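What follows is each chain in one-letter form.
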Amino acid sequence: DAKTTQPPSMDCAEGRAANLPCNHSTISGNEYVYWYRQIHSQGPQYIIHGLKNNETNEMASLIITEDRKSSTLILPHATLRDTAVYYCIVRADKLIFGTGTRLQVFP
Amino acid sequence: SAVISQKPSRDICQRGTSLTIQCQVDSQVTMMFWYRQQPGQSLTLIATANQGSEATYESGFVIDKFPISRPNLTFSTLTVSNMSPEDSSIYLCSQDRGLGDTQYFGPGTRLTVL
C-alpha cells in the first residue's frame, strides 16, 4: 500500500471551508484514496473515497490531481463538530492508517 | 451504512488473563478486519478475519497472541491472550465487501489491563 503524507495539524474558523491536503506520490493505478475521521476515541467515520475523478457527497468533496499524486479533502462549511483527526489512506486490499491531520475548528 | 456492534464495549482485566471480543455486522460481508489503537496512537491493522479459514496476520502480530475466529459472514471474534498492561488499547473491528467499497468500523472495545 502506498504511503501518504499529511500535515500533523491544521486550524480552521467555524463556517469557513477546511481544505486538508494529502500527498500520495507512490500511488498505484488500482489504489483508491479514502478519507476517514476520528472524533476522540470513537470508531473511525468514513467520509469519502475516489479513484481518479473528483467526488462529492453530503459531508465533503474530494479533489484528486490529474496525476493522482495528491488530493484535498474539502469540508465546505466547517463546524465545531468537525474537530477531529482526519486520515487520508491509499488503499489496495486493506486500509493502513497513517498519523493523520488533527483539525481544530475554532469559533 | 453498515451497522457493526462490538461486545464488550470496555473491560478491565488482570495481567495474564484472556479476553474475547465479539464483532457482529448486520449484513453478509466479504472482508472483516481487526485493528488496535494504543493510547495516543493511530490505528494499526492486526489481521484480516477470513471466513472458514485461518486469519491473515500483519507483521508483528501472531495467532498465539491474537487468535481470531470467523465462523460465518456476519460474525468474528478476537481474543487477546495472556494479557499484559501493554495490551491496553482500543480494539476495533471493521468490514467491507472489497476494493472500492466503503469500509465501516465498529465502536471499539476499550481494554485496560492492570
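Report follows, based on the coordinates. Residue indices begin from 1 for each chain and proceed along its sequence in written order. Following the order in which they are written, the chains are lettered starting with A and the ligands numbered starting with 1. Local features in this predicted model are restricted to residues whose pLDDT is 70 or higher, and side-chain atom pairs enter the listing and the counts only when it is 80 or higher, whereas totals over whole chains, interfaces and linings include all residues. Each side-chain value is derived from all of the structure's non-hydrogen atoms; neither hydrogens nor water enter the calculation.

1. Comments concerning the sheet that holds strand S1 (residues 4-7) of chain B
Residues and elements named next belong to chain B.
Here comes step 1: Strand pairing is defined by DSSP finding a minimum of two bridges between the two strands. Labels follow the DSSP assignment, with helices taken as runs of H or I lasting at least four residues and strands as runs of E lasting at least two, numbered in each case from the N terminus. The antiparallel open sheet is built from four strands, whose spatial order is S1-S3-S8-S7. Both edges of this open sheet fall to S1 and strand S7 (68-72), since each of them pairs with a single strand only. Strand-to-strand, the axes of this sheet are offset by a mean angle of 15°, without reference to chain direction.
Here comes step 2: Summarising the sheet, S1 and strand S3 (residues 19-25) pair through four bridges and their orientation is antiparallel. Residue pairing in the sheet places Gln 6 in a bridge with Cys 23 of S3. The convention used is that axes are lines fitted to C-alpha atoms, helices contributing only their stretch in contact, and that angles between N-to-C directions extend from 0 to 180 degrees.

2. Considering the interface of chain A and chain B
Here comes step 1: What makes two residues a contact is simply this: any of their non-hydrogen atoms within 4.5 Å. The interface of chain A with chain B comprises 20 residues on the first partner and 22 residues on the second.
Here comes step 2: Summed over both sides, the interface of chain A with chain B buries roughly 1600 Å², with 53% coming from carbon and sulfur.
Here comes step 3: Throughout this description, the term salt bridge denotes a Lys or Arg side-chain nitrogen within 4 Å of a carboxyl oxygen of Asp or Glu. The interface formed by chain A and chain B includes two salt bridges.
Here comes step 4: Among the ionic pairs, Glu 58 of chain B bridges to Lys 94 of chain A, the shortest N-O distance being 2.9 Å.
Here comes step 5: Those elements that provide at least two residues to the side of chain A that touches chain B are strand S3 (32-38), strand S4 (45-50) and strand S8 (84-91) of chain A.
Here comes step 6: A total of four residues in the side of chain A that touches chain B trace back to one element, the largest contributor, which is S3 of chain A.
Here comes step 7: Under the scheme applied, nonpolar residues are Ala, Val, Leu, Ile, Met, Phe, Trp, Tyr, Cys and Pro; charged residues are Asp, Glu, Lys and Arg; polar residues are all the others, including Gly. Partitioned by chemical class, the residues of the side of chain A that touches chain B number 10 nonpolar, seven polar and three charged. What counts as buried area is the accessible surface, traced by a 1.4 Å probe, that two parts surrender upon association, with contributions from both included.

3. Some thoughts on the packing of aromatic side chains
Here comes step 1: Here is the rule: rings of Phe, Tyr and Trp (six-membered ring for Trp) pair when centre to centre is within 6.5 Å. Planes less than 30 degrees apart are stacked, more than 60 are edge-to-face, and the remainder are tilted. A full pass over the atoms with the stated rule returns 12 aromatic pairs over all chains.
Here comes step 2: Ring geometry for Tyr 32 of chain A against Tyr 34 of chain A: centres 6.3 Å apart, planes inclined by 55°, an arrangement best described as tilted.
Here comes step 3: Classification of Tyr 34 of chain A by relative accessible area gives buried; the value is 0%.
Here comes step 4: Ring centres of Tyr 35 of chain B and Phe 105 of chain B lie 5.3 Å apart, and the angle between their planes is 55°; on these two criteria the pair is classed as tilted. Separated by 70 residues along the polypeptide, Tyr 35 of chain B in strand S4 (residues 31-37) and Phe 105 of chain B in strand S10 (residues 104-105) bring together distant segments of the chain.
Here comes step 5: For Tyr 35 of chain B, a relative accessible area of 0% gives the class buried.
Here comes step 6: An aromatic cluster is defined as three or more aromatic residues linked by ring pairs; in this entry it consists of Tyr 32, Tyr 34, Tyr 36, Tyr 46, Tyr 87 and Phe 97 of chain A together with Tyr 35, Tyr 104 and Phe 105 of chain B. A 1.4 Å probe rolled over the protein chains alone gives each residue an accessible area, and that area as a share of the maximum for its type sets the label: buried under 20%, exposed over 50%, partly exposed in between.

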